[in-house]
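Breakdown of the fold
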Amino acid sequence: MKKFSNSATAILVSLLLPIAVLYITVKVAAFKGEPEKVEVKLKSEHISSVDHSQFEILQQDFATPHDVTAACLSCHTGRDEEVMATAHWKWEREVEIPGKGKVSIGKKNLLNNFCTGANGNNGSCMRCHIGLGWKDKTFDFSDNLNIDCLVCHDQTDTYFKQKGQAGLPATEETANAAYQVPDYPYVAQNVGLPKKNNCGICHFYGGGGNNVKHGDLEEALLSCSKHVDVHMTNEGPDMACIDCHTTERHNIKGKLYSVSSMNENRIDCDQCHTATPHNDAVLDQHFEKLACQTCHIPEYAKANATKMYWDWSSAGMLDDAGHGYSEDDADGNHNYLSIKGNFVWDDNVKPEYYWFNGTADHFLTTDTISEIPVKINELFGEYRDSTAKIWPVKVHRGKQIYDVDHNTLINLKLWAAEKGEGAYWKDFDWDTASRLGMEYNDRPYSGNYDFVASEAYWPINHMVSPKEETLTCTECHSREGRLDNLKDFYLPGRDYSKPVDYAGVGLIILTLVGIFAHFLGRVVAFFKNK
Amino acid sequence: MEKVKIYSRFERFWHWTQMVLILLLGITGFEIHGSFEVFGFETSVRLHSASGWAFLVLTIFAAFWMIVTGQSRQFMPVRNNVKSQIMYYMSGIFKNEPHPVPKTAESKLNPLQRIVYFGLIILVFPVQLITGFLYLFFHYPEKPFALESLETVAVLHTLGAFLLVVFVIVHLYLITTGHTISSNLKAMITGYEDLEHSENK
């Protein structure tokens, strides 16, 4: 009886209880909270309080878009001041950049590594200004009738700014097959909150084509699958831009760091989600050092390719007839254009990752080149910066023209309506295009130019994936993971101490060898002593 | 020879639970370290944290048990016979010589075991527990106070883990060097071992 009880005790304490502890441990480890669900009211559910088609003032034969603006402002008083205070109107804003102090920067005066800069190429670039006809320096920023209300508020999809007209729609004189004079009364009577394509007409096509610049903002978002974007998909909530880019009195939330510098007026995912949306400690803790985007946007350019590389230095080759030409890559994207040089496009791109605290530097027109590649808009942040998080970034690399003697980046004059005006895209003359571009921007030009490598940084925010497609742990927590270039901190799974690992493994091997030798000795001794 | 009870119920429970937890911690820990793939990284992280907590609770019970029963004296290193124990493993064992320090219920561990276990209890386990929980709760700087980075903590934790692996390997082998090949193992399961009378010596 005692023997039985001893055996039972042995099974209990040496087997069953340890297994019970293991079972509880595994159960605790498997516990996972349910992700929180989000309830939001979308802007598309907004019911307009008035019917604009009933207003008499909108039933006139408008001769110009300016007349429409005047009609809008006759009811919507004060809105002009709101609009004229925004960066959408001014194309610049006061910022403070560490080391550079207070400067006023924006699309108006910044350099980039796409078409180098808008200023001086107004006919083409200022088509995306929310004004009417910013064709040169004479444009009156204080005239509220120069505001283009319709381009953002049109619900008919029939109002377009014409190519090459600095933001004006077609007139009787300029109308052609692609651009007709808008039906102003029809458009004016059908206005409302901006839809995706009101924003997209500029923000999708920046840089001269769909998805050229952002990589995560393109026309596919108008109607896409969940895989492309869980928020904007028509298989799901079909959210519009303004559902996240919430707007108070024409001040639209959101920052684009190719033209911004300050950590203010930004959009956070926790506008709708919480800061602990996973209800799971391990995952939620990552929010301390990771932007949501890092795990939730594993790839960008999911539907159409984006421009990753642009080498201006090869531009200007002409065919036998002296004309510019183009070549396409296997996917049908240009990989050479005489007017622009060589490109590399890519789709389903894995982002690069940078520490980013919401502030960015900018290479100003007054800056001189001190490092190569030139950083067009370096993102600030590091591991020890408690406000910085790891962010997915599209890096647009390229080679662009610079002034060798002044060591500055050049503003090119690229666009002109006609040949002979010195625009590179018409006349293919670097020197003239540089001189005219620099002149327009009141900058010195030595006449001595060459090409220099540069990088521009575009934090990725759109094309959020369904949760099943988010990054898995080992995408980063592994020896050659996605965060390989961020060396300023210890990342479990990626990092280790070489001396400790080598010594540890060495010690294990030595131990095994020693044990094997000892065991052999015992076997030999066993037979010897027999 | 006499059947003597040398491991109490709690001691055996402690030992085998500790074995399970160290095995689990070792496998999941080295998976997190990037040495191999077993459960998947996320599962390993969750298992490692949970078994770390279990190990802490077990350690608190063990410490309590040691203090209350006075069994902590079993783990105090002694000066006598350290050399003869080393000589035993290096030569005596091959000549069928008896163990230099007989095992008794009052003194279960030989002088080398005392040193090694004392080292584990005083140094390796505390270092693993402290670095482990620092790892779990203080993995970011300035939260709530500045740890230079995770690196020091992580490297110490890895070092401790390697030492434990080596210990486990040696331990497994030395189990076979008892009175008979399986007598040590049997004792840890049943609590009883056939021991020579101390007066026989």
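Cut-off values and rules
Residues numbered from 1 in each chain as written. Chains lettered and ligands numbered in written order. Predicted model: local features only at pLDDT ≥ 70, side-chain atom pairs only at ≥ 80, totals over all residues. Heavy atoms only, no water. Helix = DSSP H or I, 4+ residues; strand = E, 2+ residues; numbered from the N terminus. Buried < 20%, exposed > 50% of the residue type's maximum accessible area, 1.4 Å probe, protein only. Contact = heavy atoms within 4.5 Å. Areas by Shrake-Rupley, 256 points an atom, 1.4 Å probe, with all protein chains shown as cover. Lys, Arg positive; Asp, Glu negative; His and termini not counted. Charge placed at Lys NZ, Arg CZ, Asp CG, Glu CD. Polar contact = N/O pair within 3.5 Å; in protein donor to acceptor, adjacent residues only side chain to side chain. Domains from an automatic or database assignment. Core = buried A, V, L, I, M, F, W, Y, C linked by side-chain atoms within 4.5 Å. Disulfide = S-S within 2.5 Å. Buried area = accessible area lost by both parts, 1.4 Å probe. Salt bridge = Lys/Arg side-chain N within 4 Å of Asp/Glu carboxyl O. Axes fitted to C-alpha atoms, helices over the stretch in contact; angles between N-to-C directions. Parallel < 35°, antiparallel > 145°, perpendicular 65-115°, else oblique. Left-handed = near helix turned anticlockwise from the far one by under 90°. Patch = residues over 30% accessible without salt bridge, like charges linked within 9 Å, V, L, I, M, F, W, Y side chains within 5 Å.

**Notes on the overall build of chain B**
Secondary structure summary: chain B contains six helices and two strands in total. Mapped from its N terminus to its C terminus, chain B presents α and β elements in the order β-α-α-α-α-α-α-β. Its C-alpha atoms give chain B principal-axis dimensions of about 65 × 35 × 30 Å. Put simply, chain B has 201 residues, and 46% of those count as buried. Of the contacts made within chain B by residues no fewer than 6 positions apart, 70% connect residues no fewer than 24 positions apart. With the model as given, the accessible surface of chain B reaches about 10,800 Å², and the carbon-plus-sulfur share is 69%. Each charge sign in chain B was given a centre, from 15 positive and 14 negative side chains, and these centres are 9 Å apart.

**What about the environment of N407 of chain A?**
All names here are of chain A. Tracing the backbone through its elements, the reader meets N407 in the loop between β11 (389–403) and β12 (408–409). Along the sequence, N407 and D450 sit 43 residues apart, while their C-alpha atoms lie 9.9 Å from each other. Residues contacting N407, with those up to four places away along its chain left out, are D367, T368, I369 and Y402. Of the polar contacts made by the side chain of N407, one reaches the backbone oxygen of I369; its length is 2.8 Å.

**Notes on the domain arrangement of chain A**
Here the domain parsing of chain A yields domain 1 (50–91 + 129–192), domain 2 (104–119 + 199–240 + 254–475) and domain 3 (499–530). The C-alpha centroid of domain 3 of chain A is placed 86 Å from the C-alpha centroid of domain 1 of chain A.

**Some thoughts on the nonpolar core**
W312, I369, L409, L412 and W430 of chain A are the most contacted members of the largest nonpolar core, which totals 30 residues. The element that contributes the greatest number of residues to this core is strand β13 (residues 449–459) of chain A, accounting for four residues.

**Some details on the state of the cysteines**
Residue and element names in this part refer to chain A. If you walk through the whole model with that rule in mind, you get one disulfide over all chains. Take C152: it sits in no disulfide, and the sulfur closest to it among the cysteines is that of C199, at 7.0 Å. Since its relative accessible area comes to 28%, C152 is described here as partly exposed. Here C473 is not disulfide-linked; the sulfur of C295 is the nearest cysteine sulfur, at 8.6 Å.

**As for the interface of chain A and chain B**
Taken together, the 51 residues of chain A in the interface contact 53 residues of chain B. Surface buried jointly by chain A and chain B totals about 4,500 Å² across both partners, of which 69% is contributed by carbon and sulfur atoms. On the chain A side of the contact with chain B, R384, Y490 and R522 of chain A bury the most area, a combined 15% of that side's loss. Where chain A touches chain B, the interface holds two salt bridges. Salt-bridge contacts for E42 of chain B lead to K32 of chain A; the nearest nitrogen and oxygen are separated by 3.1 Å.

**What about helix α13 (residues 430–440) of chain A?**
Residue and element names in this part refer to chain A. Within the sequence span of α13, burial applies to W430, T432, A433, S434, G437 and M438. Where α13 is buried, its residues touch β11, β12, α12 (424–427) and β13. Near the N-terminus of α13, the side chain that reaches the backbone nitrogen of D431, with its oxygen 3.0 Å away, is that of D429. Positive backbone phi, at 55°, marks D442, one or two positions downstream of α13.

**With respect to the pattern of salt bridges**
Two side chains bearing opposite charge may form a pair once their charged atoms approach each other closely. Residue and element names in this part refer to chain A. Counted by the stated rule, this structure contains 22 salt bridges over all chains. With a closest N to O distance of 2.9 Å, K196 and D238 form a salt bridge. One end of the pair, K196, is in helix α8 (residues 196–203); the other, D238, is in the loop between α8 and α9 (241–244), and 42 residues separate them in sequence. By relative accessible area, which is 35% here, D238 ends up partly exposed.

**Remarks on the packing of helix α1 (residues 9–33) of chain B against helix α5 (residues 150–174) of chain B**
For any two helices packed against each other, one specifies the inter-axial angle together with the distance between the axes. Residue and element names in this part refer to chain B. In contact at an axis separation of 11 Å, α1 and α5 are set at 130° when each is read in the N-to-C sense. When the axes of α1 and α5 are compared, the pair comes out oblique. The interaxial crossing formed by α1 with α5 has left-handed handedness. Contacts between α1 and α5 involve H15, I22, F30 and H33 from the first element and T158, A161, F162, V165, V168 and H171 from the second.

**Structural notes on the side chain of R443 of chain A**
Residue and element names in this part refer to chain A. Assignment of secondary structure puts R443 in the loop between α13 and β13. Among buried Asp, Glu, Lys and Arg side chains, R443 stands out as unpaired, with D403 the closest opposite charge at 7.6 Å. A polar contact is formed between the side chain of R443 and the backbone oxygen of T365, at a distance of 2.9 Å. With near-sequence residues (within four places) excluded, R443 lies in contact with L111, T365, T408, L409, I410, N411 and M438.

**What to know about a nonpolar patch on the surface**
Nonpolar side chains collect at one region of the surface, where I11, L12, L15, L16, L17 and I19 of chain A lie side by side and expose about 510 Å² of accessible area between them. Examined against the element boundaries, L17 of chain A turns out to sit in helix α1 (residues 2–30).

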